[in-house]
Amino acid sequence: MTTTPSNRSASHEVWQRPFVKAHQDWCDDFVLELRLRDVPGPVIGDRLAEVEAHCADTGESPAEAFGDPTDYAMQLDEQSEPDLVSGVWKVVVNSAAQVLALLVGTTAAGAWARGEELSYNAVQVGAIALLVAILLAMPALLRPIVQRPWAVGLPVLGLGAATGAGTAVAGRLDLPALLTLAPAAVTVVLFVVVVALAVAEFRELARDADSDLVTSPLPAPQAPATGDRRRLVALLPSALIPVGYVVLSAVAWVLA
């Protein structure tokens with residue numbers, strides 16, 4: 001059974017629907033799996049509307065009619081067009097790049113304040129390379145982290161923290177510098193990079209707020225929410241890293 005909206009502007013977010021609230025766990029797992037597969041919000045809403053319409057006709061629960069929500073979402077995604085994707089992975093990769101720039105840039109700020117060169121020995125370069133590998137692997141790790149936060153997410157977080165700490169500790173080793181950089185230039189350039197990435201992330205999140213919401217084409221149970229609040233929500237995570245960059249750099253400068 002296929003439900004095709006005739007007027008997308010009249011759509012509303014699925015979380016307002018009594019059906020979704022009544023079957024919250026099933027719907028959450030269904031939406032999460034499709035989101036992890038980078039399916040656009042409106043397409044997810046259409047699929048969920050099909051589930052709701054079928055259950056309304058038959059009187060079945062979604063679990064009775066379609067089985068496990070993750071398995072059913074996988075089946076639907078395999079049948080969908082490959083070019084229907086959203087920006088989930090773009091935001092993940094963007095955030096990972098900001099974290100790396102934050103770590104290196106704030107370290108450079110401390111070296112700048114002390115009047116020292118920013119230098120990395122072989123152990124530090126290796127630790128940074130491992131951290132880069134972890135960040136680049138985040139798109140592949142996102143699914144197991146969400147599904148098993150304690151078994152997968154906690155070890156990944158611990159490994160990332162240990163890598164960052166190892167970089168700082170390795171700096172105290174009496175090893176020759178393998179890489180030497182001007183700290184002032186690194187601090188300023190990476191701040192510009194962080195801001196540029198934050199702007200790109202905000203645009204992606206704001207675009208999602210307008211066009212990638214999980215909306216239902218079925219009649220709305222109440223008036224749809226305005227987009228102003230969603231844009232504010234998109235601004236907060238986008239501004240977090242740049243603000244953190246300034247604060248941590250200031251702390252490093254004061255403590256130098």
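All figures in this text were calculated on a predicted structure; none of them were measured in a lab.

Caption draft 1: Geometry of a nonpolar patch on the surface. Together, Trp112, Val188, Phe191, Val192, Val195, Val199, Val246 and Trp253 give the surface a local cluster of nonpolar side chains, amounting to about 670 Å² of exposed area. Every element with two or more residues in the nonpolar patch is listed here: α10 (183-211) and α11 (228-255). Element by element, the count of residues in the nonpolar patch is highest for α10, at five residues. Looking at where Trp112 falls in the secondary structure, it is placed in helix α6 (residues 88-114).

Caption draft 2: Structural view of the environment of Ala96. Along the chain, Ala96 turns up in helix α6. Given a relative accessible area of 9%, Ala96 falls into the buried group. Measuring from C-alpha to C-alpha, the distance between Ala96 and Ala137 comes to 9.6 Å, with 41 residues separating the pair along the chain.

Caption draft 3: Layout of the packing of helix α7 (residues 122-136) against helix α9 (residues 149-170). Direction vectors running N to C along α7 and α9 enclose 160 degrees, while the axes themselves pass 8 Å from each other. It follows that α7 is roughly antiparallel to α9 by the angle criterion. For the pair α7 and α9, the crossing hand works out as left-handed. Counted together, Val123, Gln124, Ala127, Ile128, Leu130, Leu131 and Ile134 of α7 and Val156, Leu159, Gly160, Thr163, Thr167 and Ala170 of α9 form the full contact between these two elements. Broken down by class, the residue content of the contact of α7 with α9 amounts to nine nonpolar, four polar and no charged.

Caption draft 4: Focus on the packing of aromatic side chains. What the rule picks out here adds up to six aromatic pairs. When the centroid spacing of 5.8 Å and the interplanar angle of 20 degrees are considered together, the rings of Phe30 and Tyr72 count as stacked. Taken together, the residues span a long stretch of sequence, with Phe30 in helix α2 (residues 24-36) and Tyr72 in helix α5 (residues 69-79) at a distance of 42 residues. Residue Phe30 is classed as buried on the basis of its relative accessible area of 0%. A centroid spacing of 5.4 Å and a plane angle of 50 degrees characterise the contact between Phe191 and Tyr245, whose relative ring orientation is tilted. Of the two residues, Phe191 sits in helix α10 while Tyr245 sits in helix α11, which places them 54 residues apart along the sequence.

Caption draft 5: View of the nonpolar core. In terms of nonpolar packing, the biggest core is built from 19 residues, with Trp26, Phe30, Leu48, Val51 and Tyr72 touching the most fellow members. Looking at this core, the elements that each hand over two or more residues are α1 (18-22), α2, α3 (41-58) and α5. Not counting the four nearest positions on each side in its chain, Trp26 is found in contact with Leu48, Val51, Pro62, Ala63, Phe66, Gly67, Asp68, Pro69 and Tyr72. One finds Ala101, Val104, Tyr120 and Val194 within the second-largest nonpolar core, a separate group that totals twelve residues.

Caption draft 6: Highlighting the confidence of the model for the chain. Summing up the model confidence of the chain, the mean pLDDT is 82 and the portion of residues at 70 or higher is 84%. When mean pLDDT is taken per element in the chain, helix α4 (residues 62-66) scores highest with 95 and strand β1 (residues 12-13) scores lowest with 74. A low-confidence stretch, residues 1-10 stays under pLDDT 50, and its non-local contacts, those more than four residues away or across chains, total 16 contacts. For residues 82-86, every residue scores under 50 in pLDDT, and the model assigns this stretch twelve contacts once sequence neighbours within four places are set aside.

Caption draft 7: Up close: the pattern of salt bridges. Scanning all chains against the criterion turns up four salt bridges. Ionic pairing is found between Glu33 and Arg37, a salt bridge with its closest N-O pair at 2.8 Å. Here Glu33 falls in the buried class, since its relative accessible area comes to 3%. Measuring nitrogen to oxygen at the nearest pair gives 3.2 Å for the salt bridge that ties Glu116 to Arg114. Overall, the relative accessible area of 41% leaves Glu116 in the partly exposed class.

Caption draft 8: Main features of the side chain of Thr163. Among the secondary structure elements, Thr163 is positioned in helix α9. Note on Thr163: relative accessible area 6%, which makes it buried. Not counting chain neighbours up to four residues away, the residues in contact with Thr163 comprise Ala127, Leu130, Leu131 and Ile134.

Caption draft 9: Representation of the packing of helix α8 (residues 138-147) against α9 in the model. One way to put it is that α8 packs onto α9 with a least axis distance of 6 Å and a crossing angle of 130 degrees. Classified by the angle their axes make, α8 and α9 are oblique. In this structure, α8 uses Leu141, Pro144, Ile145, Val146 and Gln147 to contact α9, whose residues at the interface are Pro149, Val152, Gly153 and Val156.

What counts, and at which threshold
Residues numbered from 1 in each chain as written. Predicted model: local features only at pLDDT ≥ 70, side-chain atom pairs only at ≥ 80, totals over all residues. Heavy atoms only, no water. Patch = residues over 30% accessible without salt bridge, like charges linked within 9 Å, V, L, I, M, F, W, Y side chains within 5 Å. Areas by Shrake-Rupley, 256 points an atom, 1.4 Å probe, with all protein chains shown as cover. Salt bridge = Lys/Arg side-chain N within 4 Å of Asp/Glu carboxyl O. Helix = DSSP H or I, 4+ residues; strand = E, 2+ residues; numbered from the N terminus. Buried < 20%, exposed > 50% of the residue type's maximum accessible area, 1.4 Å probe, protein only. Axes fitted to C-alpha atoms, helices over the stretch in contact; angles between N-to-C directions. Parallel < 35°, antiparallel > 145°, perpendicular 65-115°, else oblique. Left-handed = near helix turned anticlockwise from the far one by under 90°. Contact = heavy atoms within 4.5 Å. Nonpolar A, V, L, I, M, F, W, Y, C, P; charged D, E, K, R; others polar. Phe/Tyr/Trp six-rings, centres within 6.5 Å; stacked < 30°, edge-to-face > 60°. Core = buried A, V, L, I, M, F, W, Y, C linked by side-chain atoms within 4.5 Å. pLDDT = per-residue confidence, 0-100.

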